[in-house]
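Results of the structural survey
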Amino acid sequence: MNNQKYLIAANWKQNGDSKSLIKLINDFIKSYKKIKPRCEILILPPSIYLNAISNRLSHHKIPRKKISLGSQNISSFDNGAYTGELSVDMTKDYNCTYALIGHSERRHVFQEDEKTIAKKMQLSLASNMNTILCVGETIAEYNKKLTKKVILRQLKSALIKSSVLLKSDHSKVIIAYEPVWAIGTGKTASLDNISDVHSYIRNVLNKILGIKTNSIKILYGGSVNNLNASSILSLSNVNGALVGGASLNSKKFIDICSSI
Ligand code: PEP
């Protein structure tokens, strides 16, 4: 198995402070150096701490291809009069090579609509950023068996503005399937469910882009931990994981990274 094709991302969300997050990254780097997991690792810290985390990685001489940095969100506008926002190019200044777009908390807590998500995708991809698009159904949609319908709509609407660019180069796009009901709840989707939805996403991507998209990574997210990671990551069409809660514990996160 080629482990390099796996991406394991740590979404720290709005957690911690300067002291605790520096400790978290230092502890993680210590274990990382011992274990040397062969997957690519991505850290998504709160943006105000990007510089501090980036400095720790440089201090420990960690190659950025092994542990990359990303932003949890970007603005849907280019630089200008948009108080409180961070443009994709600003995040590049802080060594970010990834942007996370359309996370369920952005969609549901901050009411980000599909038009905004499509604009963010367009800006991020045009800026040559590795761009992770999150999709996933709510519990009500899951109960009504609407998962595939919702995912089809989310993928189409997010990728439509970027489809011309993506047809010539799709190397920067990554999809994360995150059932909303599985995020931070301890309820992981079943292996059959994950398999089925990931192969559906693969087929939809092939159709939208009109090419074979096997090189596009599809991550699973939703209560991934050190105990369930290995079985989830061994499924076909699962090319990595987006991890929230368990990424705030360096031991659990390194166990996830080395469980492939
Ligand atoms: C997430 O934040 O994307 C996530 C999947 O969180 P958790 O692992 O805590 O469910």
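Located above this text is the structure these notes cover.
A brief structural summary.

Conventions we followed
- Residues numbered from 1 in each chain as written.
- Predicted model: local features only at pLDDT ≥ 70, side-chain atom pairs only at ≥ 80, totals over all residues.
- Heavy atoms only, no water.
- Buried < 20%, exposed > 50% of the residue type's maximum accessible area, 1.4 Å probe, protein only.
- Helix = DSSP H or I, 4+ residues; strand = E, 2+ residues; numbered from the N terminus.
- Arc of directions from axis to C-beta.
- Contact = heavy atoms within 4.5 Å.
- Pairing = 2+ DSSP bridges.
- Axes fitted to C-alpha atoms, helices over the stretch in contact; angles between N-to-C directions.
- Left-handed = near helix turned anticlockwise from the far one by under 90°.

**Details of helix 2 (residues 50–59)**
Burial in helix 2 covers these residues: Leu50, Ile53, Ser54 and Leu57. Looking straight down helix 2, one finds its buried side chains confined to an arc of 100 degrees; they lie on one side. The inward-facing, buried residues of helix 2 contact helix 1 (18–35), strand 3 (67–71) and strand 4 (96–101). Phi turns positive, to about 55 degrees, at Lys61, one or two residues after helix 2.

**Considerations on the sheet that holds strand 3**
An order of 1-2-3-4-5-6-7-8 is seen for the eight strands of this closed barrel, with the pairing classed as parallel. Between one strand axis and the next, the sheet turns through 25 degrees on average, direction left out of account. Strand direction decides the pairing type here: strand 7 (residues 217–221) and strand 8 (residues 240–243), joined by two bridges, are parallel. In the strand pairing of strand 8, Gly221 is matched with Leu242.

**A look at the packing of helix 7 (residues 147–159) against helix 9 (residues 191–209)**
Where helix 7 meets helix 9, the axes come as close as 11 Å, and the angle between the chain directions of the two elements is 35 degrees. The two elements helix 7 and helix 9 meet at a crossing, and its hand is right-handed. The segment helix 7 lies against helix 9, with Thr147, Lys148, Ile151, Leu152, Leu155, Lys156 and Leu159 engaging Asp196, Val197, Tyr200, Ile201, Val204, Leu205 and Ile208.

These results come straight from atomic positions and should not be treated as a statement about function.
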